[in-house]
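Residue-level structure breakdown
Spelled out, the chains give:
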Amino acid sequence: MCGIVAYAGPRDAVPIMLEGLARLEYRGYDSAGIAVVGRSGDLRVRKVKGRVARLADDLPARFKGSPAIGHTRWATHGEPSDANAHPHVSGSVAVVHNGIIENADELRAKLAGDGVEFASATDTEVLAHLIARAADDAGDLEGAVRRALTSLVGTYGIAVIDARRPERIVVARNGSPVVLGIGEREMFVASDLSALVRYTRQVVHLDDGELATVEAGGFRTSTLDARATAKSPSVIDWEPGQYDTGSYDHFLQKEIHEQPSAVRRALSGRLDTRFHTAHLGGLELDARQAREFRRVKIIGCGSAYYAGLMGAQLIEELARVPAGAEPASEFRYRNPVVEHDTLYIAVSQSGETYDTLAAVQELRRKGGRVLGVVNAVGSAIARECDGGVYLHAGPEISVASTKAFTSTAVVLALIALHLGRIHDLSPADGRRIADGLRALPEQIEEILAHEDHIAALARDLVRHPGMFFIGRVRGYPVAREGAQKLKEISYLHAEAYQASELKHGPLALVGPELPTVAVVPDDELFDKNVSTLGQVRARHGRVLAVAHRAGAVAENADDVIVVPKNQPELDPILLTIPLQILAYHAAVELGHDVDKPRNLAKSVTVE
Ligand code: F6R
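Conventions adopted
Residues numbered from 1 in each chain as written. Predicted model: local features only at pLDDT ≥ 70, side-chain atom pairs only at ≥ 80, totals over all residues. Heavy atoms only, no water. Helix = DSSP H or I, 4+ residues; strand = E, 2+ residues; numbered from the N terminus. Buried < 20%, exposed > 50% of the residue type's maximum accessible area, 1.4 Å probe, protein only. Contact = heavy atoms within 4.5 Å. Domains from an automatic or database assignment. Buried area = accessible area lost by both parts, 1.4 Å probe. Salt bridge = Lys/Arg side-chain N within 4 Å of Asp/Glu carboxyl O. Near = heavy atom within 4 Å. Polar contact = N/O pair within 3.5 Å; in protein donor to acceptor, adjacent residues only side chain to side chain. Areas by Shrake-Rupley, 256 points an atom, 1.4 Å probe, with all protein chains shown as cover. Nonpolar A, V, L, I, M, F, W, Y, C, P; charged D, E, K, R; others polar.

It is worth spelling out the environment of Ile 444 at this point. Tracing the chain through its elements places Ile 444 in helix α14 (residues 427-448). When its relative accessible area of 0% is taken as the criterion, Ile 444 is described as buried. Considering only alpha carbons, one finds Ile 444 and Arg 198, 246 residues apart in sequence, at a separation of 31 Å. Setting aside its immediate chain neighbours within four residues, Ile 444 contacts Gln 259, Pro 260, Val 263, Thr 406, Leu 574 and Ile 577.

See below:
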């Protein structure tokens, strides 16, 4: 979704803006723009509908200067167009904004009544006018931003420049990330670390309700009501090379192949060989506190929710504590009953997903204890939770989640092992699960070695208009995630069902036109799964089975992808990998923009 970059310092800011905006492209956007204070003190603005490359081509040679602000926009108020692209300008003030101003219509009517003319249909332009009107003759930009923000209802991450005060940028945050990057006598600002890693490793995350004035020589932070705050910089450990596709064709393919190393990092230092349990310092729960929870509820959105479904089953199986997962996007709207003896776990790769963040805030407001399972260090959700565990999966650039999904499932398995060993999981079973976790990276490598076989199956399957994905109990979250991956990048219709539900309705659709991808692990439900495949085949439905043994399903499947066997509780993690590869090659075969599927954004920071 929308992205912000800004720079104050001695260099020409424009190339830095273009580089930063290109780094933010992966988040999804429809237009881009830059405002810069020229060497002669004039405000210059260029913005276009379309790609950052188009913006770069559109810039005149004299478009230079510092400071500057840049933006990639994902339309919410007003269609994608040159006029609606950010920055928005009022007099000498230019603003870029992520988030949504909920009372924009009301403010717009008031400003229009005062004679203000609007150049766009956006909520952000309202803010530009409010700031320009609040600025006094002394050009106190910080005070003007502060005054303007008091009349705003909604979420924002903003960066503001005023050509009358060319040495500074004022930024503020409420529900949408803003990070400051500290350089040598220069300062950077971004909404996402990916735009900063080329320039600096020293960063400062603003908190909600915080504002900062940024100049080449440093920054000062304060609350919206002007109380100074103290911030200490943290160091980013992500490498610039992680933002390139390297030898792969797409980020998605690269990230699928990074899964063995991502899982190794998720496990690193967290398995205890003495007590056969997991050490997770960030949980901030001692054994006695952990035992007091009678239930576990996992919340997340999309693939994070499906990983949550996998994790809930693991927790229930290993710890024998009732556990379930629910989409965070629905959770807070049903006025959830928050129980003191339920442990809540919020799952998010980006740590920015607004629906998940809002659910966490609602839970904590009601006194619930929430742990975060998050990839982006220092992100809003990570900071909002009572404790948590980081994935350490490295940046995930492709919109479709793969390595973060797998790492989340692995971290939830570690939490399940930890809770299990506090409850009644025996040392022998603890060792069995820990050994199973250690075996995952090599087994994922084995699956990746069969990419060509899976790619050939994908090329064949895309001739059909859609697919069913089915799985029973442990296989069901695998089917959900498989269907999600396929639909979001190949745009083929894909629906997931519990295999047992097929005969209660969806079987009516089964026939030669609609193939079924079946998750058939070698577990206690194997025979039941095989009998469901028989029902599909009896209706001339084509079956692709993802199984542990080819021979056993061969009679009831047209094709089989064989996956190495781990422990039954952990098998779902491995069974998902071929479905990621299948979706990737289906999308490539159909010629889609694999890393940036239509209508989707990497971080969904709006409702
Ligand atoms: C699917 C996908 C989305 C995200 C969802 C939550 O491939 O990427 O469904 O999983 O938007 O995102 P995070 O994990 O950042 O909260």
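Moving on, there is more to tell.
Attention now goes to the domain arrangement of the chain. Segmenting the chain into domains produces domain 1 (2-242), domain 2 (251-445) and domain 3 (450-607). Using C-alpha coordinates to define each centre, domain 1 is positioned 34 Å away from domain 2. Residue-level contacts link 14 residues of domain 1 with 17 residues of domain 2. Taken together, both faces of the contact between domain 1 and domain 2 bury some 1,300 Å²; the carbon and sulfur share is 51%. A per-residue breakdown of the area domain 1 buries against domain 2 is headed by Tyr 26, Trp 238 and Gln 242, which together make up 47% of the total. Where domain 1 touches domain 2, the interface holds 2 salt bridges.

Every one of the 14 residues lining the ligand counts as a neighbour, but Ser 348, Gln 349, Ser 350, Thr 353 and Glu 488 are closest to it. Glu 488 is positioned with one of its side-chain polar atoms (N or O) 2.4 Å from an oxygen atom of the ligand. For the ligand, whose free accessible area comes to 400 Å², the fraction covered by protein is 90%. Counting residues per element, the shell around the ligand draws most heavily on helix α16 (residues 475-490), at 3 residues. Looking at the shell around the ligand residue by residue, the classes come out as 4 nonpolar, 8 polar and 2 charged. Split by domain, the shell around the ligand shows at least three residues from each of two domains, domain 2 (251-445) and domain 3 (450-607).

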